[in-house]
Amino acid sequence: MSELHVVLKVADTEYVISAVDVLHMESFAGATRVPGTRSYVGGLVQIRGRVVPVVDLRVRFGLPSAEPTLDSRVIVVQHGGRTVGLLVDSAREVVNIAEGELRPPPEVMAEESAGFVRAVAKIGGRLVMLVDVGRIIGEEQDHGS
């Protein structure tokens, strides 16, 4: 059995998220900053008539933020009843990954990634990491953002 995944890039590293969690993807034209929010919350955007908080995955993954480019995308995900936008450097591809191709991350990597990486898979000659959407947006929920 296989499942569709959206391939996204953050700082030249490729990640995938399950397409089941993705509502849609949009170009990023900026966000309205919200005082008092965590550093990885990029602000609020209005997408298709809905106000959505945006998590900057660069900052969430402990990397410096970057100026948005024409390739920057907001991937709007719905997970656990929450709708959140994930700001990524690019997202242009959808791939089919067989369940057996997803392997647990190496122990050291699992510890260092703060639980954001659930699995790794090889797609052709590329290595991609399956991110845990619930983990990425879960802590934000704990702080009421």
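The protein chain goes by Chemotaxis protein CheW in an unreviewed UniProt entry, where it is assigned to Sorangium atrum.

1. A word on the sheet that holds strand 9 (residues 117-123)
Ordered in space as 8-1-2-10-9, the five strands form an open sheet in which the pairing is mixed. Here the strands that pair on one side only, and so sit at the sheet edges, are strand 8 (90-98) and strand 9. Between one strand and the next, the sheet's axes are offset by a mean angle of 35°, whatever the strand orientation. In this structure, strand 2 (residues 13-18) lies alongside strand 10 (residues 126-131), joined through two bridges in parallel fashion. Among the inter-strand pairings, V16 is bridged to a residue of strand 10, identified as L130.

2. Focus on the nonpolar core
Counting residues in each nonpolar core, the largest one holds 25 residues, and the members touching the most others are L8, I17, L57, F61, I75, L86 and I136. Not counting the four nearest positions on each side in its chain, L57 is found in contact with L8, V10, L86, L87, V88 and I136. If you look at the next biggest cluster of nonpolar residues, it comprises nine residues, including V7, A119, A121 and L130.

3. Brief notes about the confidence of the model for the protein chain
Here the protein chain averages 90 in pLDDT, and 94% of its residues register 70 or above. Here residues 140-145 scores under 50 on pLDDT; set against residues more than four positions off or in separate chains, the count is 10 contacts.

What counts as what
- Residues numbered from 1 in each chain as written.
- Predicted model: local features only at pLDDT ≥ 70, side-chain atom pairs only at ≥ 80, totals over all residues.
- Heavy atoms only, no water.
- Pairing = 2+ DSSP bridges.
- Helix = DSSP H or I, 4+ residues; strand = E, 2+ residues; numbered from the N terminus.
- Axes fitted to C-alpha atoms, helices over the stretch in contact; angles between N-to-C directions.
- Core = buried A, V, L, I, M, F, W, Y, C linked by side-chain atoms within 4.5 Å.
- Buried < 20%, exposed > 50% of the residue type's maximum accessible area, 1.4 Å probe, protein only.
- Contact = heavy atoms within 4.5 Å.
- pLDDT = per-residue confidence, 0-100.

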